[in-house]
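Structure at a glance
The lines below spell out each chain.
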Amino acid sequence: MSYTYTVWFALVGLFFGHGLPGAVVGALIGFVLDNMRYSHRRSAVPEAGGFIRPLFALLGAVAKSDGRVSEAEIAIAERLMTRMGLDPAQRQEAIASFNRGKTVEFDVSPAIGELRDWVGLRRDHAFPVLDVVIETVLAEGNPPPEKMAILRQLAFAMRVSDMELMALMAMKGYAWNAGSGPRGGNGGGGYVPPHRSTGGPDPYAVLGVQRNADERTIKRAYRKLISEHHPDRLGDLPEDMRKRAEARASEINAAYERIKAEKGFK
């Protein structure tokens with residue numbers, strides 16, 4: 001949360017409100033205003049359709065990042081346009097953006113910045129965007145470092161940690177350890193790509209907890225996740241994104257039930 005008003009009102013109170021008492025009163029007023037602004041930003045619903053151009057441009061960049069765009073990656077983009085119910089004008093915008101993202105000179109940073117600004121502080125809106133990008137990242141199986149670098153850069157911009165990103169990958173049936181490499185880097189020679197889990201999604205990775213976590217930690221992680229991924233919080237977003245949220249909520253519930261059965265608590 002930004003404390004801009006808190007600082008400014010404290011300074012005004014200090015110089016025009018009789019010293020320290022005035023600064024304290026000013027800081028309190030500014031703090032209330034900062035909280036109101038923060039609450040408004042957290043509850044603000046992103047503009048409908050405002051994600052189309054930067055999202056499809058980023059998908060094009062992800063697809064091209066390893067040097068070639070596969071038929072599977074193109075098919076994912078086309079299916080996404082259909083599932084999102086894009087009208088003809090929006091579809092043309094999406095195609096043009098995807099093609100622009102495939103160009104050699106395309107810089108992903110502005111597109112990521114636009115998506116970050118579109119999401120704002122709504123983390124529940126960040127996860128559907130990441131889910132769409134992950135689908136392209138995993139289009140051909142175990143992804144190369146170039147694709148994962150773009151995904152991690154996007155996650156970082158949206159204030160989603162590597163642990164949370166690992167959980168999203170686990171929901172897709174992929175195991176991944178972010179390791180100690182820099183965010184947005186390619187992982188260097190020690191890069192180990194995500195790989196499909198033979199036994200299905202790891203319930204502990206889905207909840208983002210250690211296998212030796214106690215009951216309280218597991219329940220707290222579950223409640224936090226199900227709150228952030230609940231589809232009822234998404235508002236007026238495309239039906240495809242709502243269905244993705246429903247699928248993630250289902251995976252979270254399934255993981256929690258598996259852990260409860262294994263640990264023997266209710």
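Observations concerning the packing of helix α6 (residues 108–119) against helix α7 (residues 123–137)
Put simply, α6 and α7 touch, their axes get as near as 9 Å, and they point 145 degrees apart. Residues Leu-115, Trp-118 and Val-119 of α6 form the contact with α7, whose own contacting residues are His-125, Ala-126 and Val-129.

Regarding the packing of aromatic side chains
Overall, the coordinates contain 3 aromatic pairs when judged by the stated rule. Plain terms: the ring middles of Tyr-222 and Tyr-256 are 4.0 Å apart, the flat faces sit at 10 degrees to each other, and that makes the pair stacked. Residue Tyr-222 is located in helix α11 (residues 215–228), and its partner Tyr-256 is located in helix α12 (residues 239–263); the two are separated by 34 residues in the primary sequence. With relative accessibility at 16%, the residue Tyr-222 sits in the buried group. One aromatic cluster is present, built from ring pairs that chain together Tyr-222, Tyr-256 and Phe-265.

Side note on helix α5 (residues 88–101)
Here α5 contains 14 residues, and its C-alpha end-to-end distance of 20 Å stays within 8% of the 20 Å for a straight helix at 1.5 Å per residue. Among all positions in α5, only Ala-94, Ser-97, Phe-98 and Gly-101 are buried. One side of α5 holds all its buried residues, which, seen down the axis, span an arc of 100 degrees. Residues Pro-88, Ala-89 and Gln-92 are exposed on α5 and point more than 90 degrees away from its buried face. Against α3 (52–64) and α4 (71–83) lie the buried residues of α5. With a side-chain oxygen positioned 3.1 Å from the backbone nitrogen of Ala-89, the residue opening α5 is Asp-87.

Points about the confidence of the model for the protein
In the predicted model, the protein carries a mean pLDDT of 80, and the fraction of residues at 70 or more is 74%. Mean pLDDT across the elements of the protein bottoms out in helix α2 (residues 20–43) (56) and peaks in α3 (95). Long-range and interchain partners of residues 37–48, a stretch whose pLDDT sits below 50, account for 17 contacts in this model, where long-range means more than four residues apart. In this model, residues 184–188 is a region of pLDDT below 50 whose contacts with residues beyond four sequence positions or in other chains number 6 contacts.

Description of the layout of surface pockets
The space that makes up the second largest pocket amounts to roughly 240 Å³. Every residue lining the second largest pocket is counted, 13 residues in all, and those nearest its centre are Met-163, Asp-202, Tyr-204, Ala-205 and Val-209. If you list the elements that add at least two residues to the lining of the second largest pocket, you get α9 (162–171), β1 (174–175) and α10 (203–207). Residue composition of the lining of the second largest pocket, by class: 9 nonpolar, 2 polar and 2 charged.

Side note on the nonpolar core
The nonpolar side chains of soluble globular proteins are, as a tendency, buried together. Core analysis: the largest hydrophobic core is formed by 67 residues, its most contacted members being Leu-55 and Leu-207. With 9 residues, the single largest contributor to this core is α3. Ignoring anything within four residues of it in the chain, the contact list for Leu-207 reads Ile-218, Ala-221, Tyr-222, Leu-225, Ile-252, Ala-255, Tyr-256 and Ile-259.

Things to note about unusual backbone geometry
One non-glycine residue, Arg-159, lies in the positive phi region at around 65 degrees. For Arg-159, the location among the structural elements is in the loop between α8 (145–157) and α9. When its relative accessible area of 49% is taken as the criterion, Arg-159 is described as partly exposed.

Some details on the environment of Ile-259
The topology assignment puts Ile-259 in helix α12. With relative accessibility at 0%, the residue Ile-259 sits in the buried group. A sequence separation of 48 residues divides Ile-259 from Arg-211, and the C-alpha atoms of the two residues are 9.1 Å apart. Apart from residues no more than four positions distant in its own chain, Ile-259 is found in contact with Pro-203, Tyr-204, Leu-207, Ile-218, Gly-264 and Phe-265.

Reading guide: rules and limits
Residues numbered from 1 in each chain as written. Predicted model: local features only at pLDDT ≥ 70, side-chain atom pairs only at ≥ 80, totals over all residues. Heavy atoms only, no water. Axes fitted to C-alpha atoms, helices over the stretch in contact; angles between N-to-C directions. Helix = DSSP H or I, 4+ residues; strand = E, 2+ residues; numbered from the N terminus. Contact = heavy atoms within 4.5 Å. Phe/Tyr/Trp six-rings, centres within 6.5 Å; stacked < 30°, edge-to-face > 60°. Buried < 20%, exposed > 50% of the residue type's maximum accessible area, 1.4 Å probe, protein only. Expected span 1.5 Å × (residues − 1). Arc of directions from axis to C-beta. Polar contact = N/O pair within 3.5 Å; in protein donor to acceptor, adjacent residues only side chain to side chain. pLDDT = per-residue confidence, 0-100. 1 Å grid on protein atoms, 1.4 Å probe; cavity = no way out; pocket = protein on both sides within 12 Å on 5 of 7 lines; lining within 4 Å. Points joined across faces, edges and corners; volume = space filled by probe spheres on them. Nonpolar A, V, L, I, M, F, W, Y, C, P; charged D, E, K, R; others polar. Core = buried A, V, L, I, M, F, W, Y, C linked by side-chain atoms within 4.5 Å.

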